[in-house]
Structure formats: C-alpha cells, structure tokens
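Secondary and tertiary structure notes
If you want the building blocks of each chain, they are given just below.
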Amino acid sequence: MEAPALVVDGFGGADLRGGVGLYVDNDTQGHFRNLRVMCAD
C-alpha cells in the first residue's frame, strides 16, 4: 500500500511508552500479515 491502512494520532505526547495489543474476540479468527508498528515522528 502507498498509504497506511490505519493511523492513530493524539496519544498525548512522545513521552508515552508501552506495548501494542491486537485483540481477537472468543470464537473468532484474527489474521495479520506484514504488520508494522512505527512512530511517525
């Protein structure tokens, strides 16, 4: 893709730290391929 499929903006500043979670509900399937999490700053 030339542009991101999802952009999350406004988490309150660059001083935040932590992980990223991917949620899949019970009795469902989640498929992820070539997932990249990047800081845009």
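Here, the structure is the one placed above.
Residues numbered from 1 in each chain as written. Predicted model: local features only at pLDDT ≥ 70, side-chain atom pairs only at ≥ 80, totals over all residues. Heavy atoms only, no water.

1. A few points about the overall build of the chain
A count of helical and extended segments in the chain gives zero helices and zero strands. Buried positions account for 0% of the 41 residues belonging to the chain. Carbon and sulfur atoms provide 50% of the accessible area of the chain, an area that totals close to 4,800 Å². (Helix = DSSP H or I, 4+ residues; strand = E, 2+ residues; numbered from the N terminus. Buried < 20%, exposed > 50% of the residue type's maximum accessible area, 1.4 Å probe, protein only. Areas by Shrake-Rupley, 256 points an atom, 1.4 Å probe, with all protein chains shown as cover.)

2. Looking at unusual backbone geometry
Trans is the common state for peptide bonds, and a negative phi is the common state for residues other than glycine. One non-glycine residue, D27, lies in the positive phi region at around 60 degrees. Phi at N34 takes a positive value of approximately 50 degrees, unusual for a residue other than glycine. Residue classification places N34 among the exposed residues on the basis of a relative accessible area of 71%.

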